[in-house]
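Here is what each chain is made of, one letter per residue.
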Amino acid sequence: MNFYVRDQNLQELLKDKWNAPFAEWADSKLSQFGAKCASDIDERAAHTDREGQPRLIKYDKMGDDISEVWLNEGYKQTIKETYGAGIVGYLHKEIPELGRKGDYTYSFAQGYLLSQAEPGFYCPVTLTMATAYLIDHYASEELKEAFLPHVLSTGEVELFEGATFLTERQGGSDVGANEVKAVYENGHHRLYGEKYFASNAGACGVAMVLARKEGAPEGTKGLSLFLVPWRNKDESLNGIQIRRLKDKLGVRAVPSAEVEFHGAKAYLVGEADRGFYYMMEALNLSRVCNAVASIGIMRRSLNEAVDYAAKRNAFGKALIQYPMVKDTLVKMTVKQEVETRVVFDLVDHFEQVARSPDQATSSEQVLNRLRIAIMKKETAEQAVNFTHEAIELHGGNGYIEDFVTPRLLRDAQVLTVWEGTANILGLEVLRLLNKFQAHDLFTNSMMERLDRVNILSEEVSLVVKALHEFTSYAQDVLAMTQDAQTYYSKTLAEKMTKIYEATVALEMGGKGDRNQKVAELFVRQLFTEEAPSEKPLALSYADDILNESKVTT
């Protein structure tokens, strides 16, 4: 099995992203990584989930608080191999064989493959990506020189994984209520207080922490960003203690903890009154990673469902031969392939804004935030839905831990919570519509793209009609009271998601007969109700659409 070789949709969409030298290099490296994810990394993930979860060693034999986190050896090997493949490093430094940097598309392709095996570990990777982004964009040259080579390590120096600590008990999503203090003592800032949900605690070498300087105003405007080394140069803890590790439903690979700061030395990053702004940029990056992990889990769920349905016989024939099963698998395939295309379309735009945030136009920044918000919500919800469908297609076996499906479900569930719940994302969409007229920007962008589609004219008309209806709907909602607007915020996000996905599907449909069938079926399932017939469209196209999914290379 090779997650990359099997995924023709991924290979096809990546061909359009790079020039020939990079494409050839990336294809080879992703094939190697896809094979490793489908074998060694997957086996280690199962061990970590069941028997090898991180453990807190709170005290040493003398009773001193050492707050160490034990990680199993297989997990450590996955750390070495994944960072060694440049999933973070090559975003910011040159690839030796090519003499150029990588890009987010390549990194997210790696993350997509990794998440099919170990979405729990993709959380520390995400946090390290965010840490690297913040240091590279906003830290002083002195801090960059001291820490960035370690955060970007691909094996040449000691690796410092990263972490971003926001959440506190009294605030949760209300970051403005944060109370961790930054006190200036003897020429350095020192942090005091606690973070309540700190992922990668004890495993990271450096954490990016929001704290409030003395005299700073309340709310988010009073928060500053600090770089906090986990240990001092002599390997002693930097005024940090772990109270306990969280006992989580899923993503058990990543140690998530309650962390206390007792005078931890901290280094201010950027301007003191811009900390929340910096962290929100990192949050957007993390939300893209969340979407990438979601489509990865969707793909693994689809693979497992197709393979099981092809092998399992019931009442004299394979499950995949039954119309209801075939219909479910076709719908899963179409949705997963289109959603993958949409996420990588989003990545194209994200790359432009993330590389030079100060140079991006206001419209580009607003559309970037909007696309990320609606697709983070949609992909996370679909990851849960796909794992449910995979379990149901397995029957009782799908509920047994001998199969991967229970772990996929447990790991998927957190993706609807991490980096913003559906309610928080709905409020983000509403802010963008009210403050920046994002609905107008979105409508114009989608219409421009639809105008360039020269296939499936009936389906294009369906999407254009939906776009006009959305425009009217959005205007009606935005004329309401604030409370009423919040009630409809998630519906607004869902309407935009359908239009965005349908538009990308139609663009995808121009690249081959099978893709055109995927696009036609996807749009019709979204915007029409098919009349009963002897040969429903999904079953008519099933052999062509499922042919690729049944490849088990």
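In this text the structure is predicted, and so the values were computed from the model without any measurement.

## A look at the overall build of the protein
Thinking step 1. Counting its regular elements, the protein contains 18 helices and 13 strands.
Thinking step 2. For 553 residues, the compact-globule formula gives about 24 Å, and the C-alpha radius of gyration of the protein, at 24 Å, lands near that figure.
Thinking step 3. Taken over the C-alpha atoms alone, the protein extends approximately 80 × 55 × 45 Å along its principal axes.
Thinking step 4. Relative to its 553 residues, the protein shows a buried fraction of 56%.
Thinking step 5. Nonlocal contacts in the protein, meaning residues at least 24 apart in sequence, comprise 74% of its contacts between residues at least 6 apart.
Thinking step 6. Summed over its atoms, the accessible surface of the protein is roughly 23,000 Å², and 49% of this surface lies on carbon and sulfur atoms.
Thinking step 7. On the protein, the mean spot of the 63 positive side-chain charges and the mean spot of the 80 negative ones are 2 Å from each other.

## Some thoughts on unusual backbone geometry
Thinking step 1. In the Ramachandran plot, valine 251 falls in the positive-phi region, its phi being about 40 degrees despite a non-glycine side chain.
Thinking step 2. With respect to the helices and strands, valine 251 occurs in the loop between strand S10 (240–245) and strand S11 (256–269).
Thinking step 3. Using a relative accessible area of 3% as the deciding quantity, one classes valine 251 as buried.
Thinking step 4. Backbone geometry at glutamate 419 places phi at a positive 60 degrees, although glycine is not the residue there.
Thinking step 5. Exposure remark for glutamate 419: the relative accessible area of 24% places this residue in the partly exposed category.

## Here's the deal with the pairing of strand S9 (residues 223–229)
Thinking step 1. In terms of residue burial, S9 counts as a mostly covered element, since 7 of its 7 residues are buried.
Thinking step 2. The alternating pattern of S9 places Leu223, Leu225, Leu227 and Pro229 on one face and Ser224, Phe226 and Val228 on the opposite face, and all of these are buried.
Thinking step 3. Sheet topology places strand S8 (residues 206–213) next to S9; 7 bridges connect them, and they run antiparallel. In the sheet register, leucine 210 faces S9, and the bridge partner there is leucine 225.
Thinking step 4. Bridging between S9 and S11 involves 3 bridges; their strand directions are antiparallel. Bridging across to S11, phenylalanine 226 finds its partner in leucine 268.

## A word on the side chain of threonine 82
Thinking step 1. Looking at the element boundaries, threonine 82 is found in helix H4 (residues 73–84).
Thinking step 2. Since its relative accessible area comes to 0%, threonine 82 is described here as buried.
Thinking step 3. A distance of 2.8 Å separates the side chain of threonine 82 from the backbone oxygen of threonine 78, its partner in a polar contact.
Thinking step 4. Once residues within four sequence positions are removed from consideration, threonine 82 is found in contact with Phe33, Ile41, Ile87, Leu114, Phe121 and Val125.

## Re the packing of aromatic side chains
Thinking step 1. Within the structure shown, the criterion is met by 20 aromatic pairs.
Thinking step 2. The aromatic ring of tyrosine 59 is capped on one face by lysine 58, whose charged end is 5.9 Å from the ring centroid.
Thinking step 3. The ring of tyrosine 473 has lysine 495 lying over it, and the distance from NZ or CZ to the ring centre is 4.7 Å.

## Brief notes about helix H9 (residues 323–355)
Thinking step 1. If you check H9, its first and last C-alpha atoms are 48 Å apart, about what 33 residues at 1.5 Å a residue would give, namely 48 Å.
Thinking step 2. Largest kink in H9: about 25 degrees, centred on histidine 349.

## A short note on the domain arrangement of the protein
A common way to state how big an interface is: give the accessible area lost once the parts meet.
Thinking step 1. Looking at the assigned domains, one finds that the protein contains domain 1 (8–152), domain 2 (162–273) and domain 3 (423–552).
Thinking step 2. Here the C-alpha centre of domain 2 lies 22 Å away from the C-alpha centre of domain 1.
Thinking step 3. Roughly 2,300 Å² is buried in total at the junction of domain 1 and domain 2, and carbon and sulfur atoms are behind 71% of that figure.
Thinking step 4. Joining domain 1 to domain 2, the criterion identifies 1 salt bridge.
Thinking step 5. Here aspartate 49 makes a salt bridge to arginine 252, at a shortest N to O gap of 3.9 Å.

## So, the packing of helix H5 (residues 104–115) against helix H8 (residues 275–311)
Thinking step 1. With their axes 7 Å apart at the nearest point, H5 and H8 run at an angle of 45 degrees to one another. Taken together, the axes of H5 and H8 lie oblique to each other. Where H5 crosses over H8, the two elements pack in a sense that is right-handed. Packed against H5, whose contacting residues are Tyr104, Phe108, Gly111, Tyr112 and Ser115, the element H8 presents Leu285, Val288, Cys289, Val292, Ala293, Ile295, Gly296, Ile297 and Arg299 at the interface.
Thinking step 2. Tallied by class, the residues present in the contact of H5 with H8 amount to 10 nonpolar, 3 polar and 1 charged.

## Structural notes on the pattern of salt bridges
Thinking step 1. Counting across every chain of the model gives 43 salt bridges.
Thinking step 2. Between aspartate 307 and arginine 6 there is a salt bridge; the shortest N-O distance is 2.8 Å. Of this pair, aspartate 307 sits in helix H8 while arginine 6 sits in helix H1 (residues 3–6), and the two are 301 residues apart along the sequence.
Thinking step 3. Since its relative accessible area comes to 14%, aspartate 307 is described here as buried.
Thinking step 4. For the salt bridge of glutamate 339 with lysine 335, the shortest nitrogen-to-oxygen distance reads 2.9 Å. With glutamate 339 and lysine 335 both in helix H9, this residue pair falls 4 residues apart, about one helical turn.

What counts and how
Residues numbered from 1 in each chain as written. Predicted model: local features only at pLDDT ≥ 70, side-chain atom pairs only at ≥ 80, totals over all residues. Heavy atoms only, no water. Helix = DSSP H or I, 4+ residues; strand = E, 2+ residues; numbered from the N terminus. Rg over C-alpha atoms; globule rule 2.2 N^0.38 Å. Buried < 20%, exposed > 50% of the residue type's maximum accessible area, 1.4 Å probe, protein only. Contact = heavy atoms within 4.5 Å. Areas by Shrake-Rupley, 256 points an atom, 1.4 Å probe, with all protein chains shown as cover. Lys, Arg positive; Asp, Glu negative; His and termini not counted. Charge placed at Lys NZ, Arg CZ, Asp CG, Glu CD. Pairing = 2+ DSSP bridges. Polar contact = N/O pair within 3.5 Å; in protein donor to acceptor, adjacent residues only side chain to side chain. Phe/Tyr/Trp six-rings, centres within 6.5 Å; stacked < 30°, edge-to-face > 60°. Lys NZ or Arg CZ within 6 Å of the ring centre and 35° of its normal. Expected span 1.5 Å × (residues − 1). Bend = angle between axes of the 7 residues up to and from the residue. Domains from an automatic or database assignment. Buried area = accessible area lost by both parts, 1.4 Å probe. Salt bridge = Lys/Arg side-chain N within 4 Å of Asp/Glu carboxyl O. Axes fitted to C-alpha atoms, helices over the stretch in contact; angles between N-to-C directions. Parallel < 35°, antiparallel > 145°, perpendicular 65-115°, else oblique. Left-handed = near helix turned anticlockwise from the far one by under 90°. Nonpolar A, V, L, I, M, F, W, Y, C, P; charged D, E, K, R; others polar.

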